[in-house]
Amino acid sequence: MITGKTQNLGVIGWPIAHSLSPVIQNAAIKEAGVDYNYTALPVAPENLAAAVAGLKALNYRGWNVTIPHKAAIMPLLDEVDKAAEIIGAVNTVVNDDGRLTGYNTDYLGFMGALNSRKIELAGKTAVLLGAGGAARAVIWGLLQAGTAEVVLAVRNPAKAQPLAEEFSPYGKVTVCHWTEDLCAEQLKKCSLLVNTTPLGMTPKVEACPPVDWSTVNPAAFVYDIIYTPAETRFLREAREHGHAVVNGEEMLAGQGAEALKLWTGIQPDLGCMQKALRQALA
Ligand code: NAP
């Protein structure tokens, strides 16, 4: 029950009505029996600074940040955690008595699905298809896990090159065109193949990154960070070629669980969050 003592949490974005965060967060809050309430808060870009000041004045314990505010919010905070700074995006803000700290939990959500399956990446090669906003968190997570080389396989290598250079102080990040021979060589040796493009996402479910499965290491684990549909064409093809696979549900629930942990100190029930997510998507 919401009372005068209930602490407020939320998610800011524009638009925000589509957000699944209220569903997964309130499911975990209920399961844990803690006194918090989480709501979706529509914030237009021109109102971001006023919204941050308002949330602070209203003593919100914290909030998630989604498109289009993930980078724009950074200068409005008192502190930004190192990972969020390097990734260049804040998805979680914690309000400690008026001091606002920004974090990025997307990379933890991404890595959680690999860690729970005991996918060992230290010294290995990972190939990412696409090099956009979500790829930044993925690259950071993989480099933190000791991945020897992260290969960005893209349609436009010149566009992805600056991203590879930006992350090069933290590990080896290279770029190739995804239909070139060089890319086939990387696919042959990779332990992990990740789709970070929107290709195959609802409603364009027949779209798929151009992967020649005969060139992919048969032992590679295949990950699609898309979660609608639950099985993209990319994941279906990977599964049909004998690869172990995972979709983006656990990443989405996982970033939420890490955020809730930062606000409340509890270890949320990830399974309960995933179940709520799946029900909402169904
Ligand atoms: P983004 O910033 O727009 O980046 C998309 C990347 O895919 C870019 O490298 C882009 O290449 C490439 N791409 C886009 N359309 C393409 C096409 N038609 N053909 C070839 N390449 C194409 O998007 P994002 O924010 O990174 O999100 C990507 C996907 O991840 C979305 O489906 C999103 O829903 C999903 N996601 C999931 C989670 C989760 O928690 N599971 C979290 C974040 C995002 P160019 O630069 O050449 O355009």
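Keep in mind that what you see is a predicted model, and the values were worked out from it rather than measured.

Caption draft 1: Structural context of the domain arrangement of the protein. Here the domain parsing of the protein yields domain 1 (7–104 + 251–281) and domain 2 (118–243). Centre-to-centre separation of domain 1 and domain 2, based on C-alpha positions: 27 Å. Domain 1 puts 9 residues into the contact, and the matching count from domain 2 is 10 residues. Interface area, domain 1 with domain 2, both sides summed: about 860 Å², of which 77% is carbon and sulfur. At the boundary of domain 1 with domain 2, the tally comes to 0 salt bridges. Our count for the domain 1 to domain 2 interface comes out at 2 residue pairs in polar contact (both at pLDDT 80 or more). Of all the secondary structure elements, the ones that give two or more residues to the side of domain 1 that touches domain 2 are helix 3 (82–87) and helix 9 (249–264). Among the elements that line the side of domain 1 that touches domain 2, the one with the most residues is helix 3, at 3 residues.

Caption draft 2: Quick look at helix 1 (residues 21–32). Here helix 1 is 12 residues long and its end C-alpha atoms lie 16 Å apart, about the 16 Å a rise of 1.5 Å per residue gives. Close packing links the buried residues of helix 1 with strand 1 (7–13), strand 2 (36–42), strand 3 (62–65), helix 9 and helix 10 (270–281). Positive phi appears at Gly-33, one or two residues downstream of helix 1, with a value of about 70°.

Caption draft 3: Seen up close, the pairing of strand 9 (residues 172–177). The pairing of strand 8 (residues 149–154) with strand 9 spans 6 bridges and is classified as parallel. Bridging across to strand 9, Leu-152 finds its partner in Val-175. The parallel pair strand 8 and strand 9, bridged by helix 6 (residues 157–167), forms a crossover whose chirality is right-handed.

Caption draft 4: Representation of the sheet that holds strand 9 in the model. Within the open sheet, the 6 strands sit side by side as 9-8-7-10-11-12. Their pairing is parallel. What marks the edges here is a single partner per strand, and that holds for strand 9 and strand 12 (245–246). Where strand 7 (residues 125–129) lies against strand 8, 5 bridges are found, and the strand directions are parallel. Bridge pairing in strand 8 links Ala-126 to Val-150. Together, strand 7, strand 8, strand 9 and strand 10 (192–195) form the strand contacts of helix 5 (residues 133–144), whose direction differs from that of strand 7 by roughly 175°. Along the sheet, helix 8 (residues 233–240) makes contact with strand 7, strand 10, strand 11 (221–224) and strand 12, crossing strand 11 at roughly 165°.

Caption draft 5: Layout of the sheet that holds strand 2. A sheet is described by the order of its strands in space; here 6 strands give the open sequence 2-1-3-5-6-4, paired in mixed fashion. On the outer flanks of this sheet lie strand 2 and strand 4 (79–80), each paired with one strand and no other. Pairing between strand 4 and strand 6 (residues 99–103): 2 bridges, direction parallel. Residue pairing for strand 6: Val-80 is matched across the bridge by Gly-102. Packed onto the sheet, helix 1 meets strand 1, strand 2 and strand 3 and runs at close to 175° relative to strand 2. On the sheet, helix 9 packs against strand 1, strand 2, strand 3, strand 5 (92–96) and strand 6 and is oriented at approximately 5° with respect to strand 5.

Thresholds applied
Residues numbered from 1 in each chain as written. Predicted model: local features only at pLDDT ≥ 70, side-chain atom pairs only at ≥ 80, totals over all residues. Heavy atoms only, no water. Domains from an automatic or database assignment. Contact = heavy atoms within 4.5 Å. Buried area = accessible area lost by both parts, 1.4 Å probe. Salt bridge = Lys/Arg side-chain N within 4 Å of Asp/Glu carboxyl O. Polar contact = N/O pair within 3.5 Å; in protein donor to acceptor, adjacent residues only side chain to side chain. Helix = DSSP H or I, 4+ residues; strand = E, 2+ residues; numbered from the N terminus. Expected span 1.5 Å × (residues − 1). Pairing = 2+ DSSP bridges. Right-handed = clockwise from strand over helix to strand, strands pointing away. Axes fitted to C-alpha atoms, helices over the stretch in contact; angles between N-to-C directions.

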